[in-house]
Amino acid sequence: MIYLYLISLIFLTMYIVYAVRVCGVPWSLSDTYYQLKKRNRPAWLFQVAMIVPAMLLMPVWIECSSENLQYLAFLACGGLMFVGTAPLFKEEFQSKVHYTGTVIAGLATILWVCFSGMWYLPTVTFPIAGIIMLKYRKWLFWAEMAAFICAYVGLLIVLI
């Protein structure tokens, strides 16, 4: 299971580093789909980067969860997969799927972390993200990064 976790983390991190290197810090991670397309780079990488890490992480997350919190792990990963399957968030239909997936993934992640007894992770990461937001703006991107950090660090704590 640790290998699935690590591959998921590495894959997502590689995409974020690539997207920021090519596009600069985006308004949101989802915006990298449009930014890559505008720069004639493969925009489908965004879709792969949302779906594959979530698929790899789901069995790990469910196994690491207490029985009464497994549904949150499923919703967090499933929500992220919906984000990847509907990357055109500026279009009417896909925006509904995209934003719903985003909200479900984000809320399920934070609830899982808190209900798993690691309430201190969002308590630390989100204020740090807030400080970074003040300097670099683009608050949504930094909030997304804080949520990803909470998920991966929380799982790492449970795994080790």
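Computed from a prediction, not measured in an experiment: that's the story for all the values here.

1. Quick look at the environment of L75
Relative to the helices and strands, L75 resides in helix 4 (residues 70-85). What makes L75 partly exposed here is its relative accessible area of 36%. Apart from the residues within four sequence positions on either side, L75 is in contact with I104, A105 and A108.

2. With respect to the nonpolar core
Ranked by size, the top nonpolar core spans 49 residues in total, and within it L29, M50, W61 and W112 carry the most contacts. Going through the elements one at a time, helix 1 (2-23), helix 2 (31-38), helix 3 (44-64), helix 4, helix 5 (92-115), helix 6 (120-136) and helix 7 (139-159) are the ones with two or more residues in this core. When residues in this core are grouped by element, the largest group, ten residues, is from helix 7. When residues no more than four places from it in sequence are discounted, the contact partners of W112 are W61, C64, S65, L69, L72, A73, M118, G154, L155 and V158.

3. Concerning the packing of aromatic side chains
Scanning all chains against the criterion turns up eleven aromatic pairs. With 5.9 Å between their ring centres and 80° between their planes, W119 and Y120 make a pair best called edge-to-face. One Lys or Arg, K90, reaches over the ring of Y34 and ends 4.4 Å from the middle of that ring.

4. A closer look at the UniProt feature "transmembrane region" (unreviewed entry) in the protein chain
Under the UniProt annotation, "transmembrane region" (unreviewed entry) lies at residues 6-30, 42-62, 68-89, 101-119 and 139-159. Structurally, residues 6-30 comprises 72% helix and 0% strand, and the distance from its first C-alpha atom to its last is 22 Å. Secondary structure within residues 101-119 divides into 79% helix and 0% strand; the distance between the first and last C-alpha atoms comes to 23 Å.

5. Here we look at the environment of L4
Of note, L4 is situated in helix 1. C-alpha of L4 to C-alpha of C64: the two residues are 60 residues apart in sequence and 13 Å apart in space. Excluding anything up to four places from it in sequence, L4 contacts L56, P59 and V60.

6. What to know about a positive patch on the surface
Taken together, the side chains of K38, R39, R41 and K90 make up a positively charged region of the molecular surface. Judged by relative accessible area, which is 57%, K90 ranks as exposed.

7. With respect to the packing of helix 3 against helix 7
For the pair helix 3 and helix 7, the least separation of the axes is 10 Å and the interaxial angle reads 45°. Here helix 3 is positioned oblique relative to helix 7, judged by the angle of their axes. Where helix 3 crosses over helix 7, the two elements pack in a sense that is left-handed. Where helix 3 abuts helix 7, its residues P53, L57, V60, W61 and C64 lie against A151, Y152, L155, V158 and L159. Each residue belonging to the contact of helix 3 with helix 7 can be placed in one class, and the counts come to ten nonpolar, no polar and no charged.

8. Section: helix 5
Note that an α-helix has 3.6 residues per turn; residues three or four places apart therefore point the same way. Between its terminal C-alpha atoms helix 5 stretches 34 Å, which fits the 34 Å expected from 24 residues at 1.5 Å a residue. Looking only at helix 5, the buried set comprises Q94, S95, H98, G101, A105, A108, T109, W112 and V113. If you follow the buried residues of helix 5, they end up packed against helix 3, helix 4, helix 6 and helix 7. Positive phi appears at G117, one or two residues downstream of helix 5, with a value of about 90°.

Conventions adopted
One numbering rule holds for all chains: residues counted from 1, following each sequence as written. Where totals are concerned, whole chains, interfaces and linings use all residues; where local detail is concerned, this predicted model gives features only for residues with pLDDT of at least 70, and gives and counts side-chain atom pairs only at 80 or more. The side-chain numbers reported here are obtained from all heavy atoms of the structure, hydrogens and water having been left aside. Numbering of helices and strands runs from the N terminus, with a helix taken as a DSSP run of H or I at least four residues long and a strand as a DSSP run of E at least two residues long. Relative accessibility thresholds used throughout: buried, under 20% of the residue-type maximum; exposed, over 50%; partly exposed, between the two (1.4 Å probe, protein chains only). The contact definition used throughout considers only heavy atoms, calling two residues in contact when any of these lie within 4.5 Å. Only buried residues count toward a nonpolar core, which is a set of Ala, Val, Leu, Ile, Met, Phe, Trp, Tyr and Cys residues joined through side-chain atoms within 4.5 Å. Pairs were defined over the aromatic rings of Phe, Tyr and Trp, the Trp ring being its six-membered one, requiring ring centres within 6.5 Å. Orientation was assigned from the angle between planes: stacked under 30 degrees, edge-to-face over 60, tilted for the rest. Cation placement over rings: the criterion is NZ of Lys or CZ of Arg within 6 Å of the ring centroid and within 35° of the ring normal. UniProt positions are given in the numbering used here, feature names are shortened, and annotations may be inferred rather than shown by experiment. Surface patches are drawn from residues lacking salt bridges whose relative accessible area is over 30%; two like charges belong together within 9 Å, two nonpolar side chains (Val, Leu, Ile, Met, Phe, Trp, Tyr) within 5 Å. A 1.4 Å probe and the Shrake-Rupley method give the accessible areas. Residues count as covered only by the protein chains that appear here. Salt bridges, as used here, are contacts in which a Lys or Arg side-chain nitrogen is within 4 Å of a carboxyl oxygen on Asp or Glu. Counted as positive: Lys and Arg. Counted as negative: Asp and Glu. His and the chain ends are not counted at all. We put the charge of a Lys on NZ, of an Arg on CZ, of an Asp on CG and of a Glu on CD. Only C-alpha atoms enter the line fits that serve as axes; for helices the fit covers just the stretch in contact. Angles between N-to-C directions range over 0 to 180 degrees. Put simply, angles under 35 degrees are roughly parallel, angles over 145 are roughly antiparallel, angles from 65 to 115 are roughly perpendicular, and the rest are oblique. Take the far helix as your reference; a near helix turned counterclockwise from it by less than a right angle gives a left-handed crossing, and one turned clockwise gives a right-handed crossing. For this scheme, ten residues count as nonpolar: Ala, Val, Leu, Ile, Met, Phe, Trp, Tyr, Cys and Pro. Four count as charged, namely Asp, Glu, Lys and Arg, and the remainder, Gly too, count as polar. A helix is expected to span 1.5 Å for every residue after the first.

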